[in-house]
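These are the residues of each chain, in order.
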Amino acid sequence: MGLKEQLIKNKQDNEEIKFYISEYQSSLSYRLGENDIPSQDVDWSRFFNPYIKLYSDLKLKLDNGSSENPLRDRKITDDILQSVQTIQECMENIASNTEVWNNMVQMESMMGGLDMMSTPVSRFIALSILNDDLKGKIDLEAVDGDINNLAWLIYDENDIFVEKLLVNKINTLSQTQDMFVTIPDTAKQNQEFKGTNPEIFEMKGGNAQEPGQLTGGVTETYRVKDKDGKVKLITKDISANMVQDFYEIDKDTIGKSLAFTLTMDKISAGLLGAYQSSDQVIAFNNNILAEVTDFYLKPGIALKQNQKDKFQKDYQTWFLEKEIGKEFPLGSPKPKEQPKQEEQVEEVDEFAEFVEN
C-alpha cells in the first residue's frame, strides 16, 4: 500500500469513529432512562493511597530524626508532592486540547480543522474518550514504579487498551504544540492578496477611505485574448431565452506576475517558518495542496530543503487552480437570437405573391 493509500485509509478509519460518535450522540435523547457514563475516570484513591502512606512514613522519620538516608527520603517526599502539581498541569493541558477538539473534528480535512490523515486512530479514540465523546476508562500509572514518570492509560468500553500518554511528554509538548495536528488556515492571507492587488483582481466601488469589493473577476490585462489581441468571449445559454458572455481568466499571466509570485512565496514561507515541526505544513500539503498536485508527504518527518521548495511551488499551483476561477461573466445577460422558422418565411412569401396578383 502506497503512502497516499495509507493516508486515505487512516482518514477513513477516523471518519468511521467520528460517525459512530455522531450516532451515539444522536441517540442520547431517546435513551433518557438509561444511565450512560461516557468514561470512567481515574481511581485516584487506588493510585495515591500507597504514595500517601509512603509520604507519611518518610515524613515522620525525617521529622523525628530516625531516617537512615535523609537525602533520599526527602527527595522521595518532594517527588510525591511534585507529582500532584505535574498531574494537575497535565490535566489542564489535556483540557486545553479537548475543549477545542469537537470544533477541530467538525472542520476535519479543511483549513483550520483536524488532519485526519496523520492523526493515529488510537489518538483519535483516546482524545474522544478524554473528551467524553466515547465510553472508555482512564487510568494512571507510575511507569516502573517511578513517581516522576507518570502515564495515562486509555482503554475503550470493552477494556481494550487504546493508548499510553506520558504525562511529562504532554506537558512538554503543550508548550509549543497540541496533542493533535491541525491544518493551517491561509484563507485570510489569500483574500488579502486579492484585495490589495486591484491591478489583477477586478473591484467595484470603493474610494480613498473605503476599499472596493472584489467581483470575482480579473482586470482586462489578465483575460485571455484572441489572435487579434481582443478579449476572447464565450457565449453560453443560461436559460431558454437568455445568453451570457464569459471571458476566460489568463492564469498563466497571473502566475508570471511579480505580485503573485512574491506574495505566494511569502504566504508559503510563513507556513514553513511558523511551527517548530513540519507536521502542520505536511498536513496542509496532504489535505489541501494534494487535491491539485496529487503529491503527498509522509507525516512525522522534518522536511528537507527540496521538499520545502516544492511546497512553495505547489502552493502557487494550488492557488491558481482553486482560488481563481476559470471564467467570469462579462456584462449583463441578453436575449437569445431566435432563428426564423422556414414555414413562417414561406407563408409570408405566399401571402406577398397573392397580394401582388
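Treat the numbers as computed from the prediction; the structure is a model and nothing was measured.

Caption draft 1: Fine view of the packing of helix α9 (residues 279–293) against helix α10 (residues 305–323). In the contact formed by α9 and α10, the axes pass within 9 Å of each other and the chain directions differ by 50°. Classed by the angle they form, the pair α9 and α10 counts as oblique. Helix-helix and strand crossings are classified by hand; for α9 and α10 the assignment is left-handed. Each of Val 281, Phe 284, Asn 285, Ile 288, Leu 289, Glu 291, Val 292 and Thr 293 in α9 lies in contact with α10, whose residues at this interface are Phe 311, Asp 314, Tyr 315, Thr 317, Trp 318, Glu 321 and Lys 322.

Caption draft 2: Local environment of the nonpolar core. Core analysis: the biggest nonpolar cluster contains 34 residues, and Phe 47, Leu 114, Phe 124, Leu 140, Leu 150, Trp 152 and Ile 154 have the highest contact counts within it. Listed by contribution, the elements that provide at least two residues to this core are α1 (3–27), α2 (44–64), α3 (70–106), α4 (121–130), β2 (136–142), β3 (150–156), β4 (161–166) and α5 (167–173). No other element matches the seven residues that α3 contributes to this core. With near-sequence residues (within four places) excluded, Leu 150 lies in contact with Phe 47, Ser 83, Ile 87, Leu 140, Glu 141, Ala 142, Leu 165, Leu 166 and Val 167.

Caption draft 3: Geometry of the pairing of strand β7 (residues 233–237). Alignment of β7 against strand β8 (residues 242–248), held across five bridges, turns out to be antiparallel. Each residue of the ladder has a partner; that of Leu 233, found in β8, is Tyr 247.

Caption draft 4: Broad picture of the sheet that holds strand β9 (residues 327–335). Spatially, the three strands line up as an open sheet ordered β7-β8-β9, and their pairing is antiparallel. At either end of the open sheet lies a strand with only one pairing partner, and these are β7 and β9. Taken over all neighbouring pairs, the strand axes of this sheet differ in orientation by 30° on average, direction set aside.

Caption draft 5: Geometry of the layout of surface pockets. There is about 480 Å³ of room inside the largest pocket. Looking at the largest pocket, it is lined by 21 residues, and the ones nearest its centre are Arg 123, Leu 173, Asp 178, Met 179 and Phe 180. The set of elements that each furnish at least two residues to the lining of the largest pocket consists of β4, α5 and α9. For the lining of the largest pocket, the residue count by class is nine nonpolar, six polar and six charged. The volume enclosed by the second largest pocket comes to roughly 260 Å³. Residue lining of the second largest pocket: 13 residues in total, with Tyr 20, Leu 134, Lys 135, Asp 156 and Glu 157 positioned closest to the centre. Where the lining of the second largest pocket is concerned, the elements lending two or more residues are α1 and β4. Of the residues assigned to the lining of the second largest pocket, the class counts are eight nonpolar, one polar and four charged.

Caption draft 6: Focus on the side chain of Asn 171. Its location among the elements puts Asn 171 in helix α5. Judged by its relative accessible area of 7%, Asn 171 is buried. Among the polar contacts made by the side chain of Asn 171, one reaches the side chain of Asn 93 at a distance of 2.9 Å. Among residues more than four places away in sequence, those in contact with Asn 171 are Thr 86, Glu 89, Cys 90 and Asn 93.

Caption draft 7: A look at the environment of Leu 140. Following the sequence through the fold, Leu 140 ends up in strand β2. Owing to a relative accessible area of 2%, Leu 140 belongs among the buried residues under this scheme. Once you skip the residues sitting within four places of it in the chain, Leu 140 turns out to touch Val 42, Trp 44, Arg 46, Phe 47, Ile 87, Leu 150, Ala 151, Trp 152 and Val 167.

Caption draft 8: Here's a closer look at α9. Along α9, the sharpest kink reaches roughly 35°, centred on Asn 287. Counting buried residues in α9 gives 11 out of 15 residues, a clear majority hidden from the surface. All of the buried residues in α9 are Gln 280, Val 281, Ile 282, Ala 283, Phe 284, Asn 285, Asn 286, Asn 287, Ile 288, Leu 289 and Ala 290. Buried residues along α9 sit against α1, α8 (258–273) and α10. A positive backbone phi angle near 60° is found at Asp 294, which sits one or two residues after α9.

Caption draft 9: Quick peek at the pattern of salt bridges. Per the counting criterion, the structure on display carries 20 salt bridges. For Lys 236, the salt bridge identified is with Glu 327, shortest N-O distance 2.4 Å. Within this pair, whereas Lys 236 is found in strand β7, its partner Glu 327 is found in strand β9, the two being separated by 91 residues in sequence. Since its relative accessible area comes to 32%, Lys 236 is described here as partly exposed.

Calculation rules
Residues numbered from 1 in each chain as written. Predicted model: local features only at pLDDT ≥ 70, side-chain atom pairs only at ≥ 80, totals over all residues. Heavy atoms only, no water. Axes fitted to C-alpha atoms, helices over the stretch in contact; angles between N-to-C directions. Helix = DSSP H or I, 4+ residues; strand = E, 2+ residues; numbered from the N terminus. Parallel < 35°, antiparallel > 145°, perpendicular 65-115°, else oblique. Left-handed = near helix turned anticlockwise from the far one by under 90°. Contact = heavy atoms within 4.5 Å. Core = buried A, V, L, I, M, F, W, Y, C linked by side-chain atoms within 4.5 Å. Buried < 20%, exposed > 50% of the residue type's maximum accessible area, 1.4 Å probe, protein only. Pairing = 2+ DSSP bridges. 1 Å grid on protein atoms, 1.4 Å probe; cavity = no way out; pocket = protein on both sides within 12 Å on 5 of 7 lines; lining within 4 Å. Points joined across faces, edges and corners; volume = space filled by probe spheres on them. Nonpolar A, V, L, I, M, F, W, Y, C, P; charged D, E, K, R; others polar. Polar contact = N/O pair within 3.5 Å; in protein donor to acceptor, adjacent residues only side chain to side chain. Bend = angle between axes of the 7 residues up to and from the residue. Salt bridge = Lys/Arg side-chain N within 4 Å of Asp/Glu carboxyl O.

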